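Report on the structure
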Amino acid sequence: MALPARRFGWLTRLWKSRPSLLIGLSLAWLALVVAMALFAEFLAPYGYADQSLLKRLQPPAALGGLPEYLLGTDNLGRDVLSRVIYAMRTSILIALMGTLIGACVGTVLGIVAAHFRGWVDDFIMMLVDFQAAIPFLIVALAVLAFFGNNFVLLVVLIGLFGWDGYARIARGLVLSTNGQGYAFAIRTLGVHPAKVYIRHVLPNMMGVIMVQVTLNFPEIILLETSLSFLGLGVQPPGTSLGLLLGEGRNYLATAWWIGIPAGVVIFLTTLAISLVGDWLRDRLDPNLKGKPA
């Protein structure tokens with residue numbers, strides 16, 4: 001017996017609106033993450049290094065712990081909620097700087113390769129193939145272990161991850177743009193190539209580059225998390241999401257609340273950025289416009 005379609009019309013409407021709902025929830029979560037990163041000093045109940053050994057390993061307040069520690073305390077009596085908020089700031093800052101470095105380096109090299117062509121193009125594309133072929137995490141671990149860990153080196157290493165994707169995209173877009181009539185006309189007028197790229201080519205490719213940024217950003221966060229988890233990223237007394245995971249791995253059976261909140265934040269943040277990136281790609285990619293999701 002068929003059920004009346006009118007009775008379950010709300011279910012059909014909810015299913016059709018789910019993409020918009022997911023994007024809205026993703027944007028709301030990302031706005032919350034950014035707000036916590038920017039205003040950590042005002043939102044965190046305690047400092048990330050404040051200790052109280054008499055209150056160590058307290059469970060979350062909802063599980064019978066002390067009411068002033070909503071997510072409990074770690075093995076040194078530090079507030080887990082405060083440490084997660086400050087860790088979000090550190091991880092997002094490192095990932096943002098690393099993403100900007102990779103995007104700038106890759107875009108510039110892609111433009112240079114497409115402009116000069118010949119051996120310059122071959123050399124840069126050889127570097128791109130080499131970058132794509134090596135296990136970057138192993139290289140980063142070796143570099144940090146050999147030269148020692150510091151914040152600047154960590155950011156630079158993370159920035160070099162993924163630049164090859166930007167280089168490929170920029171090279172292809174520049175080659176496509178140079179073949180169009182308006183670019184040829186501008187060059188015929190004697191305009192300097194640098195001005196052509198800055199005023200005409202870059203604005204036309206920024207949409208695609210921004211999509212690549214949103215797709216690469218989650219990978220950058222996971223790379224920083226992996227390095228910090230392995231002890232070669234952010235060092236104590238600093239804090240990051242990966243460092244919190246590393247600190248909590250020895251207490252998963254007895255005090256799971258030390259590391260689990262950081263893992264949840266990493267999962268939700270990378271998922272939200274990936275969903276927004278896919279949504280932007282569908283909206284900005286001319287090859288996908290008008291096609292059903």
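All residue numbers refer to positions counted from 1 along the written sequence of the respective chain. Reporting in this predicted model follows two pLDDT cut-offs: at least 70 for local features of residues, and 80 or more for side-chain atom pairs to be given and counted; totals over whole chains, interfaces and linings ignore these cut-offs and use all residues. Computation of side-chain values: all heavy atoms of the structure, hydrogens and water removed.

Selection criterion: UniProt positions are given in the numbering used here, feature names are shortened, and annotations may be inferred rather than shown by experiment.
Under an unreviewed UniProt entry, the name given to the protein chain is Peptide ABC transporter permease, and the organism recorded is Devosia elaeis. According to the UniProt record, the Subcellular location (unreviewed entry) comment for the protein chain is "Cell membrane".

Some points on the packing of aromatic side chains
Here is the rule: What counts as a ring pair is set by centres within 6.5 Å for rings of Phe, Tyr and Trp (its six-membered ring), and what kind of pair is set by the plane angle: stacked under 30 degrees, edge-to-face over 60, tilted for all other angles. Sitting over a ring, as applied to charges here, requires NZ of Lys or CZ of Arg to be within 6 Å of the ring centre and within 35 degrees of the ring normal.
One pass over the full model with this rule turns up 5 aromatic pairs. The ring of Phe229 has Arg249 sitting right over it, with the charged end atom 4.8 Å from the ring centre.

So, the packing of helix α5 (residues 136-147) against helix α6 (residues 151-159)
For clarity, the cut-off: Axes here refer to lines fitted to C-alpha atoms; in helices the fit is confined to the stretch in contact. Angles between the N-to-C directions go from 0 to 180 degrees. By the criteria applied, helices consist of DSSP H or I runs no shorter than four residues and strands consist of E runs no shorter than two, each listed in order from the N terminus. If an angle is under 35 degrees, it is roughly parallel; if it is over 145, roughly antiparallel; if it lies from 65 to 115, roughly perpendicular; otherwise it is oblique. Two helices that cross are described as forming a left-handed crossing if the nearer one is turned anticlockwise from the farther one by less than a right angle, and a right-handed crossing if clockwise. Residues are treated as being in contact if the distance between any of their heavy atoms lies within 4.5 Å. When residues are sorted by character, Ala, Val, Leu, Ile, Met, Phe, Trp, Tyr, Cys and Pro go into the nonpolar class, Asp, Glu, Lys and Arg into the charged class, and all the rest, Gly among them, into the polar class.
At a minimum axis separation of 11 Å, α5 and α6 run at an interaxial angle of 160 degrees. When the axes of α5 and α6 are compared, the pair comes out roughly antiparallel. Considering how the two elements wind past one another, α5 and α6 form a crossing that is right-handed. In this structure, α5 contributes Phe136, Ala140, Val143, Leu144 and Phe147 to the contact, and α6 contributes Leu153, Leu154 and Leu157. Looking at side-chain class alone, the contact of α5 with α6 contains 8 nonpolar, no polar and no charged residues.

Some remarks on the nonpolar core
Quick reminder of the rule: We call a set of buried residues a nonpolar core when its members are Ala, Val, Leu, Ile, Met, Phe, Trp, Tyr or Cys and they connect through side-chain atoms within 4.5 Å of each other. The rule is simple: take the accessible area with a 1.4 Å probe, protein chains only, and divide by the maximum for that residue type; under 20% is buried, over 50% is exposed, in between is partly exposed.
Judged by nonpolar contacts, the single largest core of 35 residues is most densely connected at Leu154, Ile158, Leu227 and Leu241. Elements with a minimum of two residues in this core: α1 (9-38), α3 (80-116), α5, α6, α9 (193-229), α10 (241-248) and α11 (260-284). In terms of residues, this core owes the most to one element, α3, which gives 7 residues. Excluding its chain neighbours within four sequence positions, the residues that come into contact with Ile158 are Ile94, Gly98, Ile220, Leu223, Glu224 and Leu227. Of all hydrophobic cores here, the second largest spans 12 residues; its members include Ile111, Tyr166, Val196 and Val201.

Digging into the environment of Asp282
Its place among the elements puts Asp282 in helix α11. The class of Asp282 is partly exposed, set by a relative accessible area of 28%. Through-space distance from the C-alpha of Asp282 to that of Val211 is 9.5 Å; in sequence the pair is 71 residues apart.

What about a nonpolar patch on the surface?
To keep it simple, the criterion reads: Only residues whose relative accessible area exceeds 30% and that form no salt bridge are eligible for patches; like-charged ones are grouped when within 9 Å, while nonpolar side chains (Val, Leu, Ile, Met, Phe, Trp, Tyr) are grouped when within 5 Å. Every accessible area reported is derived by Shrake-Rupley at a probe size of 1.4 Å, with residue values counting cover from the shown protein chains alone. For this document, the term salt bridge refers to a Lys or Arg side-chain nitrogen within 4 Å of an Asp or Glu carboxyl oxygen.
A contiguous nonpolar patch, built from Leu63, Leu252, Trp256, Ile260, Val264, Phe267, Leu268 and Leu271 and spanning about 720 Å² of accessible area, is present on the exposed surface. By the secondary structure assignment, Phe267 is in helix α11.

As for α3
Selection criterion: To estimate the expected span of a helix, count its residues, drop one, and scale the result by 1.5 Å.
The end-to-end C-alpha separation of α3 is 53 Å, in line with the 54 Å expected for 37 residues at 1.5 Å each. Backbone geometry just after α3 places Arg117 at a positive phi near 50 degrees.

With respect to the confidence of the model for the protein chain
Short version of the rule: Residue-level confidence of the predictor, termed pLDDT, takes values from 0 up to 100.
For the protein chain, the mean per-residue pLDDT works out to 80, and 85% of the residues sit at or above 70. Across residues 1-5 the pLDDT falls below 50, and counting only partners more than four positions away or on other chains, this stretch makes 1 contact in the model.

Digging into the packing of α3 against helix α4 (residues 118-133)
Running from N to C, α3 and α4 point in directions that differ by 150 degrees, and their axes come no closer than 7 Å. Relative to α4, α3 is oriented so that their crossing is left-handed. Listed contacts from α4 to Leu109, Val112, Ala113 and Phe116 of α3 are Gly118, Val120, Asp121 and Ile124. By residue class, the composition of the contact of α3 with α4 is 6 nonpolar, 1 polar and 1 charged.

A look at unusual backbone geometry
For Leu57, which is not glycine, the phi torsion reads 55 degrees and is therefore positive. Tracing the backbone shows Leu57 in the loop between α2 (40-43) and α3. Residues other than glycine seldom take positive phi values, yet Arg117 does so here, at roughly 50 degrees. Among the structural elements, Arg117 can be located in the loop between α3 and α4.

Describing the pattern of salt bridges
Overall, the coordinates contain 9 salt bridges when judged by the stated rule. Between Arg78 and Asp74 there is a salt bridge, with the nearest N and O atoms lying 2.8 Å from each other. Each of the two residues, Arg78 as well as Asp74, counts as buried. One continuous salt-bridge network, built from bridges that share partners, spans Asp74, Arg78, Arg83 and Glu247.

Considerations on the UniProt feature "transmembrane region" (unreviewed entry) in the protein chain
With numbering matched to this structure, UniProt assigns "transmembrane region" (unreviewed entry) to residues 20-48, 92-116, 136-163 and 254-280. A helix fraction of 100% and a strand fraction of 0% characterise residues 92-116, whose end C-alpha atoms lie 36 Å from each other. As annotated, residues 254-280 has a helix share of 78% and a strand share of 0%, and its two end C-alpha atoms lie 42 Å apart.

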